[in-house]
Amino acid sequence: RLIKPALTALSAAILFASATAMADPITIKFSHVVAENTPKGQMGKKFQQLVEERLGDKVEVELYPSSQLYGDDKVLEAMLLGDVQLAAPSLSKFQKYTDQLQVFDLPFLFKDMGAVERFQSSETGQSLLTSLESKGLVGLGYLHNGMKQLSASSPLKTPGDADGKKFRIMTSDVLEAQFDAVDAVSLKKPFSEVFILLQTKAIDGQENTYSNIYSQKFFEVQPYITESNHGVLDYMVVSSARFWNGLPDDVRGEVKSALDEAIVYGNQLSEAKNMEAKQAIIDSGQSEIITLDDAQRQQWVDAMKPVWGEFADDIGQDIVDAAEAANQ
Ligand code: LMR
């Protein structure tokens, strides 16, 4: 009569022992705002795949694209609360945490993505990865999207064409000053709201890369895109110090090398993704791409470049100089 309960207790003990030996995998939730078929979306997929191959039993990566989980205005708060473990907001979205990263928003600072890459890999660029440490965030690397273009409901050829027009911007005072400089009005709005704002004509335009203009369908509601290349849209891949430093050393090392590889992959892809998107927009016939001649472009430079002076002290003149030097 006593045998049955004894056996039950024994099997429960065995079950418990095997369950504790097979601890639950560590979950890394990666929350971002763009579509899957973008440099950031593809980097995320690559990271998920590499982690699955190398650490499948210990770590799992969950991807939440297209603002499904959090928009960029909330994701860093969610990260500090432990709800998200990985994010890659645009460098324009860290103003609440540091002034230094605003260097990336200065208009006409980088002549091309090669200069952006050189600055990010320089000693100064690498030191900016630690600029969020006092706020409990760890910078794990830079990820490229590309150069920004101006889209609008009317053609923008010279700064005067933007006068009085309303543009959506990311949450950056530098970007606000950039549009002030051409007498335009700017509104700080989450990425997920941009399409509807454009479609309903609540705003006249916005600035973004071809990849975002295409994958968010902005080109369907913006008949003109000025190829201004006036600024860069890149990302910092971040985690919270609490999560990152709490990982077992061997796991952290493996996750970091998978992430480094995924970032290299995303960066290599970024130019092609933007070129593909530009071509698809041209093929759609829904939006005209305006190229500026040298004199027109110079007018935008002359109007917007004085913004540097307004922010150099907050950012640090040494950082601005190092970024400018990367053009050589
Ligand atoms: C934007 O808000 O326009 C961009 O930051 C979106 C992104 O992540 O590329």
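Structural data are supplied above this passage.
Residues numbered from 1 in each chain as written. Predicted model: local features only at pLDDT ≥ 70, side-chain atom pairs only at ≥ 80, totals over all residues. Heavy atoms only, no water.

(A) Spotlight on the environment of Ala262. Mapped onto the fold, Ala262 is located in helix 10 (residues 249-284). Residue contacts for Ala262: discarding those within four places in its chain leaves Met43, Lys46, Phe47 and Leu50. (Helix = DSSP H or I, 4+ residues; strand = E, 2+ residues; numbered from the N terminus. Contact = heavy atoms within 4.5 Å.)

(B) Structural detail: the packing of helix 2 (residues 39-55) against helix 10. The contact between helix 2 and helix 10 brings their axes to 8 Å, and the two run at 150°. Comparing their axes, helix 10 and helix 2 come out roughly antiparallel. Between helix 2 and helix 10 the crossing geometry is right-handed. For the contact of helix 2 with helix 10, the per-class residue count stands at 13 nonpolar, four polar and five charged. (Axes fitted to C-alpha atoms, helices over the stretch in contact; angles between N-to-C directions. Parallel < 35°, antiparallel > 145°, perpendicular 65-115°, else oblique. Left-handed = near helix turned anticlockwise from the far one by under 90°. Nonpolar A, V, L, I, M, F, W, Y, C, P; charged D, E, K, R; others polar.)

(C) Inspection of the side chain of Ser186 at higher detail. Summarising the element assignment, Ser186 is placed in strand 7 (residues 185-188). If we skip the residues at most four places from it in the chain, Ser186 touches Phe167, Ile169, Glu176 and Phe179.

(D) The nonpolar core, seen in detail. Core analysis: the largest hydrophobic core is formed by 58 residues, its most contacted members being Met43, Phe47, Val237 and Trp300. No other element matches the eight residues that helix 10 contributes to this core. In this view, Phe47 contacts Ile28, Val61, Leu86, Val255, Ala258, Leu259 and Ala262; residues no more than four positions away in its chain are not counted. Counting 37 residues, the second-largest nonpolar core is a separate cluster that includes Val75, Ala78, Met236 and Ile319. (Core = buried A, V, L, I, M, F, W, Y, C linked by side-chain atoms within 4.5 Å. Buried < 20%, exposed > 50% of the residue type's maximum accessible area, 1.4 Å probe, protein only.)

(E) Region of interest: the site of the ligand. Around the ligand, the structure places Val33, Val34, Lys40, Ser90, Lys93, Arg168, Met170, Phe191, Asn208, Asn212, Leu233 and Tyr235. Here an oxygen atom of the ligand and a side-chain polar atom of Lys40 are 2.7 Å apart. Between the ligand and Asn208 there is a distance of 2.9 Å, counted from an oxygen atom to a side-chain nitrogen or oxygen. Relative to its free-state accessible area of 270 Å², the ligand is covered by the protein chains to the extent of 100%. One can see that the ligand is located within the largest cavity. Residue composition of the shell around the ligand, grouped by class: six nonpolar, three polar and three charged. (Near = heavy atom within 4 Å. Polar contact = N/O pair within 3.5 Å; in protein donor to acceptor, adjacent residues only side chain to side chain. Areas by Shrake-Rupley, 256 points an atom, 1.4 Å probe, with all protein chains shown as cover. 1 Å grid on protein atoms, 1.4 Å probe; cavity = no way out; pocket = protein on both sides within 12 Å on 5 of 7 lines; lining within 4 Å. Sits in = over half its atoms within 2 Å of the grid points.)

(F) Region of the structure containing the layout of surface pockets. The space that makes up the largest pocket amounts to roughly 330 Å³. Forming the boundary of the largest pocket are 17 residues, of which Met113, Gly146, Met147, Glu271 and Met275 lie nearest the centre. The set of elements that each furnish at least two residues to the lining of the largest pocket consists of helix 4 (113-121), strand 4 (137-147) and helix 10. Its residues assigned to classes, the lining of the largest pocket comprises four nonpolar, eight polar and five charged. Reported here for the second largest pocket is a volume of approximately 270 Å³. In terms of residue class, the lining of the second largest pocket is made up of seven nonpolar, five polar and eight charged. (Points joined across faces, edges and corners; volume = space filled by probe spheres on them.)

Note that every value here comes from positions in space, so none of it alone points to a role or purpose.
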